[in-house]
Amino acid sequence: FKDNGRAEKTVLNQATLHIPKGEMVFITGPSGSGKSTLLNVIGLLEAPDCGSLKLGGATIDFKNSKAMAAYRQKNIGFVYQNFNLVSYLSVLDNLLVPFYPAGITKDLLVQARCVLEILGISSLVNQFPLTLSGGEKQRVAIARALLKTPQIILADEPTGELDGKNSAVVMKHLRELNKEKGITIVTVTHNSDLIAEGDSVYHMNDGIIEDNTELFFSHRQS
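Residues numbered from 1 in each chain as written. Predicted model: local features only at pLDDT ≥ 70, side-chain atom pairs only at ≥ 80, totals over all residues. Heavy atoms only, no water.

1. Digging into unusual backbone geometry
Turning to step 1, where the next piece is worked out: The backbone phi angle of N84 is positive, close to 55 degrees, even though this residue is not glycine.
Turning to step 2, where the next piece is worked out: Take N84: it is sitting in the loop between strand 6 (76–80) and helix 3 (91–96).
Turning to step 3, where the next piece is worked out: With a phi close to 55 degrees, D206 is a non-glycine residue in the positive phi region.
Turning to step 4, where the next piece is worked out: The topology assignment puts D206 in the loop between strand 9 (200–205) and strand 10 (208–211). (Helix = DSSP H or I, 4+ residues; strand = E, 2+ residues; numbered from the N terminus.)

2. Section: the environment of S200
Turning to step 1, where the next piece is worked out: With respect to the helices and strands, S200 occurs in strand 9.
Turning to step 2, where the next piece is worked out: Its relative accessible area of 15% is what places S200 among the buried residues. (Buried < 20%, exposed > 50% of the residue type's maximum accessible area, 1.4 Å probe, protein only.)

3. What about the side chain of N178?
Turning to step 1, where the next piece is worked out: Assignment of secondary structure puts N178 in helix 6 (residues 164–181).
Turning to step 2, where the next piece is worked out: Polar contacts involving the side chain of N178 include one to the main-chain carbonyl oxygen of G22, which spans 3.0 Å.
Turning to step 3, where the next piece is worked out: Those residues within four positions of N178 in sequence are excluded, and the remaining contacts are G22, E23, M24, I183 and I185. (Polar contact = N/O pair within 3.5 Å; in protein donor to acceptor, adjacent residues only side chain to side chain. Contact = heavy atoms within 4.5 Å.)

4. A closer look at empty space enclosed by the protein
Turning to step 1, where the next piece is worked out: With the rule as written, the count across this model stands at one cavity of 30 Å³ or more.
Turning to step 2, where the next piece is worked out: The calculated volume of the largest cavity comes to roughly 30 Å³.
Turning to step 3, where the next piece is worked out: Taken together, L39, N40, F78, Y80, L154 and D156 make up the lining of the largest cavity.
Turning to step 4, where the next piece is worked out: Where the lining of the largest cavity is concerned, the elements lending two or more residues are helix 1 (35–42), strand 6 and strand 7 (152–156).
Turning to step 5, where the next piece is worked out: Counted by class, the lining of the largest cavity contains four nonpolar, one polar and one charged residues. (1 Å grid on protein atoms, 1.4 Å probe; cavity = no way out; pocket = protein on both sides within 12 Å on 5 of 7 lines; lining within 4 Å. Points joined across faces, edges and corners; volume = space filled by probe spheres on them. Nonpolar A, V, L, I, M, F, W, Y, C, P; charged D, E, K, R; others polar.)

5. A word on helix 5 (residues 134–146)
Each turn of an α-helix holds 3.6 residues, which means side chains three or four residues apart point in the same direction.
Turning to step 1, where the next piece is worked out: Here helix 5 spans 18 Å end to end across 13 residues, near enough to the 18 Å set by a 1.5 Å rise per residue.
Turning to step 2, where the next piece is worked out: By the criterion of burial, helix 5 is predominantly enclosed, with 11 of the 13 residues buried.
Turning to step 3, where the next piece is worked out: The complete set of buried residues in helix 5 reads G135, K137, Q138, R139, V140, A141, I142, A143, R144, A145 and L146.
Turning to step 4, where the next piece is worked out: Contacts from the buried residues of helix 5 go to strand 6, helix 3, helix 4 (106–118) and helix 6. (Expected span 1.5 Å × (residues − 1).)

6. A look at the pairing of strand 8 (residues 184–188)
Turning to step 1, where the next piece is worked out: In terms of residue burial, strand 8 counts as a mostly covered element, since five of its five residues are buried.
Turning to step 2, where the next piece is worked out: Side chains T184, V186 and V188 of strand 8 all project onto a buried face; the interleaved residues I185 and T187 project onto the opposite face, where all are buried too.
Turning to step 3, where the next piece is worked out: Of the strand pairs in this sheet, strand 3 (residues 24–28) and strand 8 are connected by four bridges, and their pairing is parallel. Along strand 8, the bridge assignment pairs I27 with V188.
Turning to step 4, where the next piece is worked out: Where strand 7 and strand 8 come together, five bridges link them in parallel fashion. When the bridges of strand 8 are listed, A155 appears paired with T187.
Turning to step 5, where the next piece is worked out: For the crossover from strand 7 across helix 6 to strand 8, the handedness is right-handed. (Pairing = 2+ DSSP bridges. Right-handed = clockwise from strand over helix to strand, strands pointing away.)

7. Section: the nonpolar core
Note that soluble globular proteins tend to have their nonpolar side chains buried in a common cluster.
Turning to step 1, where the next piece is worked out: Within the largest apolar cluster, 38 residues are counted, with the highest numbers of intra-cluster contacts made by L95, L147, L174 and L177.
Turning to step 2, where the next piece is worked out: Breaking this core down by element, the ones donating at least two residues are strand 3, helix 3, helix 4, helix 5, strand 7 and helix 6.
Turning to step 3, where the next piece is worked out: By residue number, the principal contributor to this core is helix 5, which donates six residues.
Turning to step 4, where the next piece is worked out: If near-sequence neighbours (up to four positions away) are discounted, L174 is found in contact with M24, I142 and I185. (Core = buried A, V, L, I, M, F, W, Y, C linked by side-chain atoms within 4.5 Å.)

Structure, rendered in structure tokens:
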């Protein structure tokens, strides 16, 4: 994958990654190493210049934008560092934004309220983002991703704007989704404290992906 700015730069350099269904995966690495670009390719937001991507056993046709949009809408949830909440919409409406084009059903409204209750923020249903704490905003973002009942959640620095307490709350919920619902979760992070033994850890450097699990835990235990 190449960045077509003023100077051409290879962002992903023959990056090869296999993620089994239901894995909890962390991608680490310095800024500019290609982590967010990799997440965008997996999430069908960007197309690579060459190579292929398989999701659920099917090879993705990056030239078929309608099929990609449909797959992304149904199967992939996104959680971003800056939350991506609409300031003038209530918490409930922020959950429903991705579903506006297809229409909002009564069943969907019930599901949205259930998701908010699962994440412990049902009391915030009519509040607006400006009145929420960072941890509450991030749980709303997770609820929005979960409402799709996705197969995959992609989280780009999901705790980057949060303090230690709220970071722990957010990761607790992500781990519960992974364990209880079998959702594959891929998290880009600079925060090694989020990673636990047994997680799959990959390190990126200059667009190259390295399996880093053993090195990571050896380093933390030293």
